[in-house]
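Okay, here's what each chain looks like letter by letter:
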Amino acid sequence: KEKTGILFEEADGVYISIQGKDRKKSRKRKQEMKVGLAYKGCKDDNGKTVLIGKVSFAGFYTTDDFWERREAMLRRVYNLDEVKLRVLNSDGAAWIRNACDGDVIYQLDRFHIEQALTKKIGSGRVRNTIRKMLAHKDFENLFEYIEIYRNGLSGKAYDDANDFLTYLMNNKDGLLSYRDRNIPIPEPEEGMFYKNLGTLENHNFSIICQ
């Protein structure tokens, strides 16, 4: 029955080593556990940021089953009919990106953009230029810049730069954060604040690994 004007959501997949009877049944060494997290905002607790209204869930589900269960889990806590804005943050996986409909704003996680940039672009000068273009939301020139850089390479360096370009282009609709889309953002409740999304990596550890 919880009411909120905004709901922050995150989703990810974690590959788990399968052993014993489960491994024999699936014939796979690893299987993806899908993880979801939602909350309505944050508060400060003696210098520590705490999520408010947190709902988390995980399991070895098919994509369709995961999203149906996610919705059911959220509706156990929240009155989703009262939510005016839903924001979904992820690492860019297709099973997450393609699940967004008109009611959910999708954004690409900033940590994973930086992770891919560091891994795939070898030149420090080029990395810094890309960071500046991302900060200024100059996406059209950004794609052209990476393409020109890629075309001057060969072998693995070419493939890596192409992978990074493809990653950004596949997630073009998620490059703008929800704050930069000129859409109404409900005011936070008293004692609550909003922050950038990207907390699921920590929750992967606490929900699954730990």
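Use the structure listed above.
Residues numbered from 1 in each chain as written. Predicted model: local features only at pLDDT ≥ 70, side-chain atom pairs only at ≥ 80, totals over all residues. Heavy atoms only, no water.

1. Thoughts on the overall build of the chain
- Helix and strand counts for the chain stand at eight helices and seven strands.
- At a minimum sequence separation of 6, the contacts of the chain that also span at least 24 residues come to 59%.
- About 12500 Å² of surface is accessible on the chain, with carbon and sulfur atoms providing 46% of the total.
- Side-chain charges in the chain split into 36 positive and 32 negative, and the spacing between the mean points of these groups amounts to 7 Å. (Helix = DSSP H or I, 4+ residues; strand = E, 2+ residues; numbered from the N terminus. Contact = heavy atoms within 4.5 Å. Areas by Shrake-Rupley, 256 points an atom, 1.4 Å probe, with all protein chains shown as cover. Lys, Arg positive; Asp, Glu negative; His and termini not counted. Charge placed at Lys NZ, Arg CZ, Asp CG, Glu CD.)

2. Quick look at the layout of surface pockets
- Of the pockets and cavities examined, the largest pocket occupies roughly 290 Å³.
- If you go around the largest pocket, you meet 18 residues; those closest to its centre are Glu71, Arg86, Asp101, Asp103 and Val104.
- Among the secondary structure elements, those contributing two or more residues to the lining of the largest pocket are α2 (63-77), β6 (85-90) and β7 (104-108).
- With four residues, the single largest contributor to the lining of the largest pocket is α2.
- Residues of the lining of the largest pocket, tallied by class, amount to nine nonpolar, one polar and eight charged. (1 Å grid on protein atoms, 1.4 Å probe; cavity = no way out; pocket = protein on both sides within 12 Å on 5 of 7 lines; lining within 4 Å. Points joined across faces, edges and corners; volume = space filled by probe spheres on them. Nonpolar A, V, L, I, M, F, W, Y, C, P; charged D, E, K, R; others polar.)

3. Here's the deal with the pattern of salt bridges
- Throughout the structure, instances matching the rule amount to 15 salt bridges.
- The partner of glutamate 2 in a salt bridge is lysine 40, and the shortest N-O contact between them spans 2.5 Å. Note that glutamate 2 is positioned in the segment before β1 (6-17) and lysine 40 in the loop between β2 (30-39) and β3 (41-45), a separation of 38 residues in sequence.
- A residue is classified by how much of its surface remains accessible, and glutamate 2, at 33% relative accessible area, is partly exposed.
- The closest approach of N and O atoms between arginine 131 and glutamate 114, which form a salt bridge, is 2.7 Å. Placement of arginine 131 in helix α5 (residues 124-135) and of glutamate 114 in helix α4 (residues 110-120) is noted, with a sequence separation of 17 residues between them.
- The exposure class of arginine 131 is partly exposed, given its relative accessible area of 30%.
- Among the charged side chains, a salt-bridge network with shared partners connects Glu9, Arg70, Glu71 and Arg86. (Salt bridge = Lys/Arg side-chain N within 4 Å of Asp/Glu carboxyl O. Buried < 20%, exposed > 50% of the residue type's maximum accessible area, 1.4 Å probe, protein only.)

4. Thoughts on the packing of α5 against helix α6 (residues 139-151)
- Put simply, α5 and α6 touch, their axes get as near as 9 Å, and they point 165° apart. As summarised for this structure, α5 and α6 are arranged roughly antiparallel, according to the angle between their axes. The hand of the α5/α6 crossing is left-handed. On the side of α5, the interface is formed by Arg125, Val126, Thr129, Ile130, Met133 and Leu134, while α6 contributes Phe139, Asn141, Leu142, Tyr145, Ile146 and Tyr149.
- Its residues placed into classes, the contact of α5 with α6 shows nine nonpolar, two polar and one charged. (Axes fitted to C-alpha atoms, helices over the stretch in contact; angles between N-to-C directions. Parallel < 35°, antiparallel > 145°, perpendicular 65-115°, else oblique. Left-handed = near helix turned anticlockwise from the far one by under 90°.)

5. Concerning the side chain of serine 177
- For serine 177, the location among the structural elements is in the loop between α7 (155-170) and α8 (200-209).
- A distance of 3.0 Å separates a polar atom in the side chain of serine 177 from a polar atom in the side chain of aspartate 180. (Polar contact = N/O pair within 3.5 Å; in protein donor to acceptor, adjacent residues only side chain to side chain.)

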